[in-house]
Amino acid sequence: MNISGKLSLLVAALLPLTSLCDNLPVFPGKFKSFRPVEHGILITTDNSVVEVIQFSPTVIRVRINKPVLNSDFSYAVDREPAGNFRKIDDRKDSLVLITDSLQVSIIKDPLRINFSTLDGTPLARDYRDFSVSWQGTQVTCYKKLYPDEKFIGLGEKTGPLNRRGNAYVNWNSDVPAYSPKQDPLYVTIPFYIGIHDEVVYGIFFDNSFRSTFNFGASTDDAYSFFSAVNGEMKSYFFGARSIPGILRDYTWLTGRMSLPPYWSLGYQQSRWSYYPESEVLKLATTFRDKKIPCDVIYLDIHYMDNYKIFTWNKERFPDPKSMIGRINAMGFHLATIVDPGIKIEKGYKNYDEGIQNDYFVKYPDGKLYIGSVWPGRCHFPDFTKPKTREWWGKSFSALTVPGVEGFWNDMNEPSAWGQCIPDIVRFEFDGQQSTLAEAHNVYGLNMSRATFEGTKQLLNGKRPFVLTRAAYAGIQRYSAIWTGDNSSTEEDLMMAVRMVNSLGVSGVSFTGADVGGFIGTPTNELFARWMSIGTFTPFYRNHTEIASRTKEPWSFGEDIEQLSRHWINMRYRLLPYLYSIFYESTQTGIPVSRTLAINYPYDEKIYFNGFQNEYLFGSQILVAPAAGTAAFCNVYFPEGEWYRVSNDILYKGKSEAVVDSPLDDLPVFVKSGGIVPLQSVIQSTSEKPSPTLEINVWFGKSPNSFTFYEDDGVTYNYESGQYYRRLITFDPAKKMITIGKAEGSYPSKFSAFRLVLHDFGSIMGVKVNGQDQGLKLKTTRQRFFEAELPNDKIEIAY
């Protein structure tokens, strides 16, 4: 045998050993040196490069890679680094970085990174002697697991409120009729909050490859970890001292939603599918005839010509503009579904444009990828290309010109029959060049972005409503989320509550589940209960599949119709309160639906199975979801005192109580000192309510405040000061309720107010702008006072 042949045999013999070595974990190793860079430092270790950057005094980014750092690019992050570390202390065994709020200790041998408060209280620490490992392309970060540590977040995930003891995968997936333990689902938000020893912290792992989060599952060792199959270990640490502070910082980093159109907060009716035109008009007329409020009607895939996006079926909808005009006149807005697959059909406008301008994804050899979905064989837009996003956005003129104002993005995981699009499909990735392996989880985010940016421009100053099924971190900048194809079961109802709250604590406020369940038929009791919980959910839409019975509010008999009307009426009464807490979310990132862990993270009972579904709806209202058949339910009241809304019975905090839960009285409570503005019932947001704003205040021992907010609900004029904002305060020490001076240039729709006092003494006097109005009123337990609502400061003494 010649030398070449012997070498070939030697290489063949060594290949298994080489493969084995590639799969052994590699760690950063020892600290070697560091140098300052803008906003932080760059560290060299035996096997890696580490960058630690300050984005703010409470937000620190850590990037670790080998052998060099990747390009600094993110679809999620909406901010640039700011400021510098206040102090860098190079010690023998560690390098300590100090901000105004945090201490970052970088242990040198082997490299580990620990975060603590300025006084040294541990927040999060790397685990033992290893912080990060690489096995092949997989990268993993290990964290110490504290004995009492709990974890919340990760967005749209099944399972319990406290993620401890569970593991989760992020890979956006089309999963109809998902089970209560199924994972992954449609959305990837790799952000969580840790809670231990009466401290909190947050971590955002900004890596869109397939990732895993393990919170102590399948091991009795004291560590948690998060990993991705490829890419950089790029994480953001959030060290604010409270969960509202962490959410403020996380949504500062990844963006906050702009105010949605006011009508999108109303009740919405959907089905797969309403067609033809006559059925849509009949549906709208029935709502108005039955005096059941509703603002939005949806069209599913049957409005299109052979399921081709941006087309209309001329037989079913011969004149879309006329039909939309008729339902607009009845106070309805129309939303239509859009899927990403573009049918391969010469002569079809969007197909021809996509081919001509290179808008579709391809294999590495340049051949276009083909997958089959509703229209048949399709190409798929590369939404990571700016010119594709621009083209997609402009294509919505086929819908906006006739009058569509809501845009429902579906099948954007992306989904194709078989659910296995090859990872090698190429994406431009905004100039970075990548494959589906990295682009998959951000596909829905970028489709929603293209939809939002395009329709916002086409609507000429009006706010579009965008809804999506798939998403990645940062989606709140562009779209609301619904939780996909759920089922009509009691388990799904309670799971939906937790998922909405988990999305909220992951930065996404405008969320909801299909009321009644998308797949299957609920019992009458379950449907009625779901309608009541929907009232206290940010996104309130009833939707169902093509094979199920109809689920309109009148579809379950007269008794359930009456209950549905009652709960939808309540939703419309709550709109002044609801719109105000949406406004609060745009300013602070605090969600509309709030797991109790946000306000009471160290109260062990809120994590119990029996109480984990309870949540705050805004800052004032506590909701205790009850099962459809439950005549009674056990409620846990967190710290404070709580009045039941329906009867003003007072419950002490940090206690449990069994309360009745009939279908017409969901257990809903207001905290003592609570302030809730209401309006009269209207049939849609196009209708003006009574000019009298009802302001409800419940007695309490602690001061409280609520910011009441209005604008036109249609345009972006609020960004230039055209809004109406007032701070309403309750001060028990001064025995005073104050309606602050109006701010902004928008005229309120309310010219008078009706103050309703719950469990107070007498009203002793009223001052407007400091001038005594000479009014004194004594009434019974629930007290009323009505007057004009001037823009000046109003003080009511009791």
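For the structure given in this document, a descriptive report is provided here. (Residues numbered from 1 in each chain as written. Predicted model: local features only at pLDDT ≥ 70, side-chain atom pairs only at ≥ 80, totals over all residues. Heavy atoms only, no water.)

So, the overall build of the chain
- A tally of helices and strands in the chain yields 14 helices and 52 strands.
- Compactness check: the chain gives a C-alpha radius of gyration of 28 Å against a globular reference of 28 Å for 798 residues, within 12% of the reference.
- Overall, the C-alpha framework of the chain stretches about 110 × 70 × 50 Å when taken along its three principal axes.
- Taking all 798 residues of the chain together, the buried fraction comes to 62%.
- Counting contacts in the chain only where the partners sit at least 6 residues apart, residues at least 24 apart contribute 68% of the total.
- Summed over its atoms, the accessible surface of the chain is roughly 29400 Å², and 50% of this surface lies on carbon and sulfur atoms.
- Positive and negative side-chain charges in the chain, numbering 84 and 87 respectively, have mean positions lying 2 Å apart. (Helix = DSSP H or I, 4+ residues; strand = E, 2+ residues; numbered from the N terminus. Rg over C-alpha atoms; globule rule 2.2 N^0.38 Å. Buried < 20%, exposed > 50% of the residue type's maximum accessible area, 1.4 Å probe, protein only. Contact = heavy atoms within 4.5 Å. Areas by Shrake-Rupley, 256 points an atom, 1.4 Å probe, with all protein chains shown as cover. Lys, Arg positive; Asp, Glu negative; His and termini not counted. Charge placed at Lys NZ, Arg CZ, Asp CG, Glu CD.)

A look at the side chain of D665
- Summarising the element assignment, D665 is placed in the loop between β41 (655-660) and β42 (668-671).
- A polar contact is formed between the side chain of D665 and the side chain of S646, at a distance of 2.9 Å.
- Each residue touching D665, except ones within four places of it in the same chain, is listed here: W567, R644, S646 and D660. (Polar contact = N/O pair within 3.5 Å; in protein donor to acceptor, adjacent residues only side chain to side chain.)

Points about helix α10 (residues 490-504)
- The end-to-end C-alpha separation of α10 is 22 Å, in line with the 21 Å expected for 15 residues at 1.5 Å each.
- For α10, the tally of buried residues reaches 13 of 15 residues, placing the bulk of the element in the interior. (Expected span 1.5 Å × (residues − 1).)

Structural notes on the nonpolar core
- Ranked by internal contacts, the top residues of the largest apolar core, which has 204 residues, are F204 and W392.
- At seven residues, helix α13 (residues 575-588) tops the list of elements feeding residues into this core.
- Excluding its chain neighbours within four sequence positions, the residues that come into contact with W392 are I309, F310, D339, P340, I342, P381, F383, M447, A450 and T451.
- Counting residues in hydrophobic clusters, the runner-up holds 40 residues, among them I41, A124, I203 and F237. (Core = buried A, V, L, I, M, F, W, Y, C linked by side-chain atoms within 4.5 Å.)

Concerning unusual backbone geometry
- Cis geometry marks the peptide bond from D183 to P184; its omega dihedral reads 0°.
- Here P184 shows up in the loop between β13 (167-170) and β14 (187-188).
- In this structure, the amide linkage connecting W272 to the following residue, S273, adopts the cis form with an omega of 5°.
- Note on placement: S273 falls in the loop between β20 (268-269) and α3 (277-289).
- The phi dihedral of K735 is positive, around 50°, even though this residue is not glycine.
- You can see K735 is positioned in the loop between β46 (724-731) and β47 (736-739).

Quick notes on the sheet that holds β13
- If you walk across this open sheet you meet the five strands as β10-β11-β18-β17-β13, and the pairing is antiparallel. Edge positions in the sheet fall to β10 (132-135) and β13, since each of these pairs with one other strand and no more. With strand direction ignored, the average angle separating the axes of adjacent strands in the sheet is 15°.
- Pairing geometry for β13 and strand β17 (residues 211-214), over four bridges, is antiparallel. (Pairing = 2+ DSSP bridges. Axes fitted to C-alpha atoms, helices over the stretch in contact; angles between N-to-C directions.)

Quick look at the packing of helix α6 (residues 386-395) against helix α9 (residues 443-458)
- Their axes nearest at 7 Å, the elements α6 and α9 cross at an angle of 50°. By the angle class used here, α6 and α9 are oblique. At the point where α6 passes α9, the crossing takes the right-handed sense. Contact residues: R389, W392, G393 and K394 in α6; N446, M447, R449, A450, T451, G454, T455 and L458 in α9.
- Counted by class, the contact of α6 with α9 contains four nonpolar, five polar and three charged residues. (Parallel < 35°, antiparallel > 145°, perpendicular 65-115°, else oblique. Left-handed = near helix turned anticlockwise from the far one by under 90°. Nonpolar A, V, L, I, M, F, W, Y, C, P; charged D, E, K, R; others polar.)

Points about the pairing of strand β6 (residues 94-98)
- By the criterion of burial, β6 is predominantly enclosed, with five of the five residues buried.
- Along β6, one buried face is formed by S94, V96 and I98 and the opposite face, lined by L95 and L97, is buried too.
- In this structure, strand β5 (residues 87-90) lies alongside β6, joined through four bridges in antiparallel fashion. Opposite D90, over in β6, you have L95 as the bridge partner.
- Hairpin connection between β5 and β6: a loop of three residues separates the two successive antiparallel strands.
- Count of turn residues in the β6/strand β7 (residues 102-107) antiparallel hairpin: three residues.

Quick notes on the pattern of salt bridges
- Evaluation of the coordinates by the stated rule reveals 43 salt bridges.
- Residue D485 is joined to R469 by a salt bridge in which the shortest nitrogen-to-oxygen separation is 3.5 Å. Here the residue D485 occupies a position in the loop between β31 (480-482) and α10, and R469 occupies one in the loop between β29 (465-468) and β30 (471-472), the gap between them amounting to 16 residues. Grouping residues by exposure puts D485 and R469 together as buried. (Salt bridge = Lys/Arg side-chain N within 4 Å of Asp/Glu carboxyl O.)

Some thoughts on the sheet that holds strand β33 (residues 514-515)
- Within the open sheet, the nine strands sit side by side as β32-β31-β29-β26-β22-β21-β20-β34-β33. Their pairing is parallel. With one partner strand each, in any of the chains shown, β32 (511-512) and β33 form the two edges of the open sheet.
- With two bridges joining them, β31 and β32 adopt parallel strand pairing. Within β32, the residue paired with W482 across the bridge is G512.

Quick look at the packing of helix α5 (residues 349-357) against α6
- Direction vectors running N to C along α5 and α6 enclose 160°, while the axes themselves pass 12 Å from each other. One element, α5, and the other, α6, form an angle in the roughly antiparallel class. Where α5 crosses over α6, the two elements pack in a sense that is right-handed. In contact with N350, E353, G354 and N357 of α5, α6 contributes K387, W391 and S395.
- Per-class residue counts for the contact of α5 with α6 are one nonpolar, four polar and two charged.

Considering the side chain of H440
- If you trace the backbone, H440 turns up in the loop between α8 (436-439) and α9.
- Excluding its chain neighbours within four sequence positions, the residues that come into contact with H440 are W171, N172, E413 and P414.

Describing the state of the cysteines
- Scanning the model with the defined rule gives zero disulfides in all.
- The thiol sulfur of C420 is not disulfide-bonded, and the nearest other cysteine sulfur, from C378, lies at 18 Å. (Disulfide = S-S within 2.5 Å.)

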